Amino acid sequence: MKVFTTSSVFLFLSFILPPYLHSQSNLNMTLQDSMDYAAGVNDVWGWVAPDGSEYALVGMDNGVSIVNVDVTPVKEVVFVPGVTNLWRDINTFGHYAYVSSEARVGLLIIDLQYLPDSVETYIWSDSLPTASGKAPFEKAHTLFTDENGILYLNGTNVNSGGVVMVDVKTNPTDPIFLGYAPAIYSHDVYARDSILYSAEIYAGDLSIYDISDPQNVVTLGRVKTPNEFTHNAWLSDDSRYLYTTDERANSYVAAYDIQDPANIIEVDRFRQAATDGLGSIPHNVFVWNDFIIVAYYSNGTLIVDGSRPDNLVEVGNFDSWLGAHGGYEGVWGSYPFLPSGKILASDRTSGLFVFVPNYVRAAFLEGSVIDSITKLPLQGATVTILSDEIVLPQTTKIDGTFKTGKAVPGTFNIRVQKVGYAEKIVSAVFVNGEVLTPTIELSPLPVHTFSGKVLDQNGLPVEGAKVSVQGYHGVFEAITDSNGEFFMNSVYQAEYELQAGIWGLMAYQSILQLNQNDYIIMQLDRGYEDDFDLDLGWTVSGFVTEGEWARGIPREQRLFSNWLCGSPTDSPYDVGSNVYSTGLGSTPNAQADEVSGGTTILTSPSMDLSSLVLPRISFDYWLCEYPPNQYVGFKVWLATPEDTTLLAEFMNPATFGTWLTFSEKINPSIPREDVKIIFSAQDTTEGSGDYYLKVHVDNFRVTEGGVSVHDDYGQSGHFTVYPNPVTGDEMYLKPDNTIVGDEISFTILDTQGRLVSGFDI
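Thresholds applied
Sequence order as written defines the numbering, with residues in each chain counted from 1. It should be noted that, the model being predicted, local features are given only for residues of pLDDT at least 70 and side-chain atom pairs only at 80 or more, the latter also being counted only at that level, while totals for whole chains, interfaces and linings use all residues. Neither water nor hydrogens contribute to the side-chain values; these are computed over all heavy atoms in the structure. Strands here are runs of E lasting at least two residues and helices are runs of H or I lasting at least four, both read from the DSSP assignment and numbered beginning at the N terminus. Burial here depends on accessible area, computed with a 1.4 Å probe over protein chains only, as a share of the maximum for the residue type. Under 20% is buried, over 50% is exposed, and the range in between is partly exposed. The contact criterion used throughout is that any non-hydrogen atoms of two residues lie within 4.5 Å. Note on areas: these come from Shrake-Rupley sampling with a 1.4 Å probe, and a residue is covered only by the protein chains present in the view. Salt bridge, as used here, is a side-chain nitrogen of Lys or Arg placed within 4 Å of a carboxyl oxygen of Asp or Glu. In these notes, a set of buried Ala, Val, Leu, Ile, Met, Phe, Trp, Tyr and Cys residues joined through side-chain atoms within 4.5 Å is what counts as a nonpolar core. Residues enter patches when they are more than 30% accessible in relative terms and free of salt bridges; like-charged ones are connected within 9 Å and nonpolar ones (Val, Leu, Ile, Met, Phe, Trp, Tyr) within 5 Å. Under the convention used here, Asp and Glu are negative, Lys and Arg are positive, and both His and the chain ends fall outside the count. Charge positions come from single atoms, namely NZ of Lys, CZ of Arg, CG of Asp or CD of Glu. The rule is short: rings of Phe, Tyr and Trp, with Trp giving its six-membered ring, pair when the centres are within 6.5 Å, and they are stacked under 30 degrees, edge-to-face over 60, tilted in between. Here, a strand pair is defined by DSSP locating no fewer than two bridges between the strands. The axes used here are C-alpha line fits, helices contributing only the stretch in contact, and every angle between their N-to-C directions lies in the interval 0 to 180 degrees. Polar contact is defined as a pair of N or O atoms within 3.5 Å, subject to the rule that within protein one atom must be able to donate a hydrogen and the other to accept it, and that residues adjacent in sequence are counted only when both atoms are side-chain atoms. Disulfide assignment relies on a single distance test, namely cysteine sulfur atoms paired within 2.5 Å.

Trainee: Can you walk me through the overall build of the protein chain in this structure?
Mentor: Each helix and strand counted, the protein chain has two helices and 63 strands in total. Taken over 761 residues, the protein chain has a buried fraction of 53%. Within the protein chain, contacts between residues at least 6 apart in sequence are counted, and of these 59% link residues at least 24 apart. Put simply, the protein chain shows about 31,700 Å² of open surface, and 50% of that area lies on carbon and sulfur atoms.

Trainee: Can you help me understand the pattern of salt bridges in this one?
Mentor: Should the charged atoms of two oppositely charged side chains come close, the side chains can pair. One pass over the structure, following the stated rule, counts 17 salt bridges. A salt bridge links glutamate 200 to arginine 222; the shortest N-O distance between them is 3.8 Å. Of this pair, glutamate 200 sits in strand S18 (residues 195-200) while arginine 222 is found in strand S20 (residues 218-224), placing the two residues 22 residues apart along the sequence. Exposure remark for arginine 222: the relative accessible area of 39% places this residue in the partly exposed category. Ionic pairing is found between glutamate 529 and arginine 701, a salt bridge with its closest N-O pair at 3.1 Å. One end of the pair, glutamate 529, is in strand S47 (residues 528-530); the other, arginine 701, is in strand S59 (residues 692-704), and 172 residues separate them in sequence. Through salt bridges that share partners, Glu200, Asp205, Arg222 and Lys224 make up one connected network.

Trainee: In this structure, what is going on with unusual backbone geometry? I would like to understand it.
Mentor: Where the residue is not glycine, phi is negative for most of them; where a peptide bond is considered, it is trans in most cases. Between threonine 72 and proline 73 the backbone carries a cis peptide bond, its omega angle lying at 5°. Positionally, proline 73 belongs in the loop between strand S5 (63-68) and strand S6 (75-81). Cis rather than trans, the peptide bond between tyrosine 626 and proline 627 has omega equal to -5°. Turning to its location among the elements, proline 627 is positioned in the loop between strand S54 (615-626) and strand S55 (634-639). Although it is not a glycine, asparagine 159 adopts a positive phi angle of roughly 60°. Along the polypeptide, asparagine 159 turns up in the loop between strand S14 (150-154) and strand S15 (164-167). Unlike most non-glycine residues, asparagine 699 shows phi in positive territory, near 55°.

Trainee: Any chance you could explain the environment of isoleucine 502 here in plain terms?
Mentor: As for its placement among the helices and strands, isoleucine 502 is situated in the loop between strand S44 (494-501) and strand S45 (508-514). Those residues in contact with isoleucine 502 that sit more than four places away from it in its chain are Val462, Glu463, Gly464, Ala465, Leu524 and Leu536.

Trainee: Can you walk me through the nonpolar core in this structure?
Mentor: Side chains that are nonpolar tend, in soluble globular proteins, to be buried together. Of all hydrophobic cores here, the largest spans 72 residues; its most connected members are Ile66, Ile110, Tyr152 and Leu352. Those residues in contact with isoleucine 66 that sit more than four places away from it in its chain are Tyr55, Ala56, Leu57, Lys75, Glu76, Val77, Val78, Ile110, Leu112, Leu115 and Val119. Counting residues in hydrophobic clusters, the runner-up holds 37 residues, among them Trp503, Val675, Tyr691 and Val695.

Trainee: Just to check I follow, could you spell out a negative patch on the surface for this structure?
Mentor: Together, Asp608, Glu642, Asp643, Glu673 and Asp674 make up a negatively charged patch on the protein surface. By the element assignment, aspartate 643 lies in the loop between S55 and strand S56 (644-650). Owing to a relative accessible area of 44%, aspartate 643 belongs among the partly exposed residues under this scheme.

Trainee: For this particular structure, what's the right way to read the packing of aromatic side chains?
Mentor: Working definition: an aromatic ring pair is given by the centre-to-centre distance plus the angle between the planes. If you walk through the whole model with that rule in mind, you get 44 aromatic pairs. Between phenylalanine 286 and phenylalanine 337, the aromatic rings sit 5.7 Å apart at their centres with planes inclined by 55°, giving tilted as the arrangement. Here the residue phenylalanine 286 occupies a position in strand S25 (residues 281-288), and phenylalanine 337 occupies one in the loop between strand S29 (331-335) and strand S30 (343-347), the gap between them amounting to 51 residues. Take phenylalanine 337: its relative accessible area is 26%, and that puts it in the partly exposed class. With centroids separated by 6.4 Å and ring planes inclined at 85°, the aromatic side chains of phenylalanine 679 and phenylalanine 700 adopt a geometry described as edge-to-face. Separated by 21 residues along the polypeptide, phenylalanine 679 in strand S58 (residues 676-682) and phenylalanine 700 in strand S59 bring together distant segments of the chain.

Trainee: Just checking my understanding: could you explain the sheet that holds S15 for this structure?
Mentor: Sheet strands pair by backbone hydrogen bonding; their relative direction is either parallel or antiparallel. Here four strands make up an open sheet; going across it, the order is S13-S14-S15-S16 and the pairing antiparallel. Taken across any chain shown, the strands that pair with only one partner, and hence form the sheet edges, are strand S13 (142-145) and strand S16 (176-180). Taken over all neighbouring pairs, the strand axes of this sheet differ in orientation by 25° on average, direction set aside. In this sheet, S15 lies alongside S14 in antiparallel orientation, the contact comprising four bridges. Among the inter-strand pairings, isoleucine 150 is bridged to a residue of S15, identified as aspartate 167.

Trainee: Help me understand the environment of serine 610 in this model?
Mentor: Along the chain, serine 610 turns up in the loop between strand S53 (599-603) and S54. Residues serine 610 and arginine 672, 62 residues apart in the sequence, show an inter-C-alpha distance of 4.9 Å.

Trainee: Even after reading the chapter, I still don't get the side chain of serine 581, so can you show me in this structure?
Mentor: Within the secondary structure layout, serine 581 lies in strand S52 (residues 579-582). Within the structure, serine 581 has its side chain in polar contact with the side chain of histidine 696 (distance 2.9 Å). Not counting residues within four places of it along the chain, the set of residues in contact with serine 581 comprises Glu548, Trp549, Ala550, Lys694, Val695 and His696.

Trainee: Can you walk me through the pairing of strand S28 (residues 313-318) in this structure?
Mentor: Strand residues, when the strand is regular, have side chains that alternate between the two faces of the sheet. The element S28 is largely enclosed, with a buried count of six among its six residues. Sheet topology places strand S1 (residues 26-27) next to S28; two bridges connect them, and they run antiparallel. Following the sheet pairing, leucine 27 is matched in S28 by asparagine 317. Direction of pairing for strand S27 (residues 300-305) relative to S28: antiparallel, over a ladder of five bridges. In the strand pairing of S28, valine 304 is matched with glutamate 314.

Trainee: Just to check I follow, could you spell out the state of the cysteines for this structure?
Mentor: Two cysteines joined by a covalent bond between their sulfur atoms form a disulfide. Scanning the entire structure with this criterion turns up one disulfide. Bridging cysteine 565 to cysteine 624, the disulfide has an S-S length of 2.1 Å. For the disulfide bridge between cysteine 565 and cysteine 624, the dihedral angle about the S-S bond is near -100°, and by the sign convention the bridge is left-handed. Linking cysteine 565 in strand S51 (residues 563-566) with cysteine 624 in strand S54, this pair joins segments that are 59 residues apart in sequence. By the burial criterion, cysteine 565 is buried, and cysteine 624 matches it.

Shown next, in the form of structure tokens:
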């Protein structure tokens, strides 16, 4: 569907706020200075003059800005204009900078030796050999120079975008063609010791080539990266490990053991814990002194300790982007190789940032979890470090081991959980640069039987009622027999949410603390109730291309990576966890499964309301729509065999969703038998692409409604009730002539349909 951007809002903010106010968070990184630009920013590189002066080479949409970063404030000393173009990549060899672009103007070469006074520039666009004859070099998406003075041009207009190798050592301003790597589009490369590591983005591969003979390149190995959109790669200091990025939302920095290129082994994956699942995109990765420096769109610059490549731990960050997570705003590149140790970061909207990092090693936690009785390893246990510093929980492997860590030292608790075992919390002292290796024993939980009986409001057994207990240690279910009885065996000793229900009666809901074999009697009142944790028979129909009604646990989703569109939980007004939702998203992106291309319909089982004097329907709902308050996509209908009428329709004045409650009495004139409630969610623009809709429904009820002075039915039929409303201890009932029979049951409910009192007269 059509994407509505909000970048203009954040762009405006970036102009009215000083760059140093943009920081959302930082850890072990200090901002020295920043420089804003009127034009967009892309890549950044660094260069050191013979006198030790340090410069930032900032790629921009309209050229290259050369900035002295030794002074505060930093100062632009030279600007080299260029053809307007979103992509520029910069690398240096000696006192020359090489600048690629997609502008089809050849290769820009900048002689930096005259800084800070001036520079000299050259354009190289030599003809290169192809299968169909000579072809001029026009463009490259990225480039890299190695220690031997070989310049690698990637994503060019020749060799199908595969790598072009040229010599810039012999003649820096007129490179000499050496050869081609395989004709596979390469987005970026790294090279060392005549080995080329190619990020082949569209193939989703990291490929390793022997380029000792540029005319006879040999493939040594290849591996798929996690999201198969390989953006760049960088080698560890000892050349044993390689790190990659995939330019995809919620992707990883991946670490590989490449000592045998024919058998590349993935050893770890890293995602920033604080923004996990929010759509953040890792862009470029560099390695310095076994620290991994990552440029993240919308997350800023991250420092990750790579000294233990199979346990990557974040130890520093600075977020220079003020806007929401997700999308392609924020940091393009982060250069860490200046002798001073400063990190240069290019933020696409906010400009150049110069950071002084405090490189600290992580405090590592690498232990194992075992059964306290058998001493065998436990797979699938969850290990969480409890601290203000956000650290993603880790799950133990088949051998019971886990690896994690944190940047901030100190004494912290570690919580270990596994289904069927008692939770355990241990304390540990975390020290930077040290590795904790605890063996944590979990005690198996005892199991008990849980049984009981389900009765209706008259004390009669209810056959076919569904009974469920659910909690961290699992979901246990049973169905009552003809005597209304149920039995569950081997239920772990723990706390559970207990529910019993059947269509046509109100559900029973409670908290069960199971410490021994237990038997319980549950009585269900008159009415209809479903919080969708028990499958009571709702049906889904209609047609949509995505966003069909489904029952399950919702997850947090965001629209345009900004507005909260999918609820992270079910309704806060009931027990359990399930809802009916227009799509149960597997990604944090609400656009992936919002209602599109039609209408999805959710229909209740049939209801007989003849025993209810004044039935009231209520339910909780979550509605997210964009644009807000313009289209009516969510409606509720009441259907009988004779007719279907609109009960309510909903719009949201805001884009984001929130849990609300709808409650309304059903018109007493409608037929009372075979009544159904229908929820419809419709892409009202019929595929034109300008409407987003996400709906959750939960906590559905039909009960006896409240009676007030405004209810004609309550004042004129059956009884006259006074005073009305009742505020004191006494009330009076006057029957009219329609009351017949010797025994009449009378119930009093509050305005939410809850039983207050009941008696017979």
